[in-house]
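Geometric and topological summary
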Amino acid sequence: MRIDVLTLFPEMFGSPLEYSIIKRAREQRLVEIVLSNIRDFATDSYRKVDDKPYGGGPGMVMLCKPMFDCFEHVQAQSTEPGNVILLTPQGQPLTQEKVVELSALPRLILIAGRYEGFDERIRTGLNAEQISIGDYVLSGGELAAMVVIDAVVRLLPGALGDEDSAADDSFSNGLLEYPQYTRPEEFRGMKVPEILLGGDHGKIEKWRNEQRIERTRKWRPELYEKYISNIKNNS
Ligand code: ADE
């Protein structure tokens, strides 16, 4: 997979891409991440990338021209056109289902905005999908782009050490993860549930599944409702 990121702050991406699973996936060439600075495509002497909004109002709006030029430069670097994604609080909320969908694509082009927003023609002209990482406002799309990259790259085949580990993730089949324990068997009076020590894999699997359902019901009732209605619809 190739992931391009168009941003005014490529330096922000340094360390999150240099650790653990993402680092290994890059080293193994499962993913190539290419950062491009939109400001490099500003043509005036101030290297201007934003301007005041037509109609008045606070803040600045990102200009079309440097963004389109940067985009066209980046897109020409590979024959694969790529899916264009704008990171914005106005987008569809990111879900694990969406992450799975994105991880199957050959190329993503992520656009991180700053200031009050983008000129609307960036979204329409680049035929971009909009994604939000939650109903709160960040100072720019960079952190959101990093969240998308992290969630997508760990799902690429070979990225996780144990091929099964993504299958048990929270949200896989719509439920939260079951509780995990490791040694010692007892810590400050808190014991590991007996069932996990017994070695009966059938019983363990059943217990874990019950735990997933119960935790989802208690902690994320809206996910639980969805899970139950999916079961009803499928039966
Ligand atoms: N840019 C600013 N806030 C954002 C959010 N919540 N999600 C994605 N991009 C953003």
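Residues numbered from 1 in each chain as written. Predicted model: local features only at pLDDT ≥ 70, side-chain atom pairs only at ≥ 80, totals over all residues. Heavy atoms only, no water.

1. Side note on the sheet that holds strand S6 (residues 107-112)
- With parallel pairing, five strands are arranged side by side in an open sheet as S2-S1-S6-S5-S8. Looking at the sheet topology across the chains shown, the edges are occupied by strand S2 (32-37) and strand S8 (129-132). Here the average twist between neighbouring strands, direction ignored, is 30°.
- Packing against the sheet, helix H2 (residues 64-75) makes contact with strand S1 (2-7), S2, strand S5 (83-93) and S6, and its axis sits at approximately 160° to S1.
- Sitting on the sheet, helix H5 (residues 142-153) touches S1, S2, S5 and S6, and the angle it makes with S6 is about 160°. (Pairing = 2+ DSSP bridges. Helix = DSSP H or I, 4+ residues; strand = E, 2+ residues; numbered from the N terminus. Axes fitted to C-alpha atoms, helices over the stretch in contact; angles between N-to-C directions. Contact = heavy atoms within 4.5 Å.)

2. A few points about the sheet that holds strand S3 (residues 50-51)
- On the basis of which strands lie adjacent, the open sheet formed by three strands has the order S3-S4-S7 and mixed pairing. Single-partner strands in this sheet number two, and they are S3 and strand S7 (117-118).

3. Here's the deal with unusual backbone geometry
- Residues Arg183 and Pro184 are joined by a peptide bond in cis, for which omega reads 5°.
- The topology assignment puts Pro184 in the loop between H5 and strand S9 (186-187).
- Within the chain, Ser20 stands out as a residue other than glycine whose phi angle is a positive 55°.
- Here Ser20 lies in helix H1 (residues 20-27).
- For Ser20, a relative accessible area of 53% gives the class exposed. (Buried < 20%, exposed > 50% of the residue type's maximum accessible area, 1.4 Å probe, protein only.)

4. Let's talk about the packing of helix H3 (residues 96-103) against H5
- As a packed pair, H3 and H5 sit with axes 9 Å apart at the nearest point and diverge in direction by 70°. Classified by the angle between their axes, H3 and H5 sit roughly perpendicular to one another. Residues Val99, Leu102 and Ser103 of H3 pack against Val148, Ala151 and Val152 of H5.
- Partitioned by chemical class, the residues of the contact of H3 with H5 number five nonpolar, one polar and no charged. (Parallel < 35°, antiparallel > 145°, perpendicular 65-115°, else oblique. Nonpolar A, V, L, I, M, F, W, Y, C, P; charged D, E, K, R; others polar.)

5. Some words on the nonpolar core
- Counting 26 residues, the largest nonpolar core has Ile3, Leu87, Leu110, Ile149 and Val153 as its most contacted members.
- Sequence-distant contacts of Val153, defined by excluding residues within four places in its chain, comprise Ile3, Ile22, Ala25, Val31 and Ala159.
- Leu6, Met67, Phe71 and Ile111 belong to the second-largest nonpolar core, a separate cluster that totals 20 residues. (Core = buried A, V, L, I, M, F, W, Y, C linked by side-chain atoms within 4.5 Å.)

6. Some thoughts on the environment of Gly59
- Looking at where Gly59 falls in the secondary structure, it is placed in the loop between S3 and strand S4 (61-62).
- Measuring from C-alpha to C-alpha, the distance between Gly59 and Arg217 comes to 43 Å, with 158 residues separating the pair along the chain.
- Discounting chain neighbours no more than four positions away, the residues touching Gly59 are Lys52, Pro53 and Glu116.

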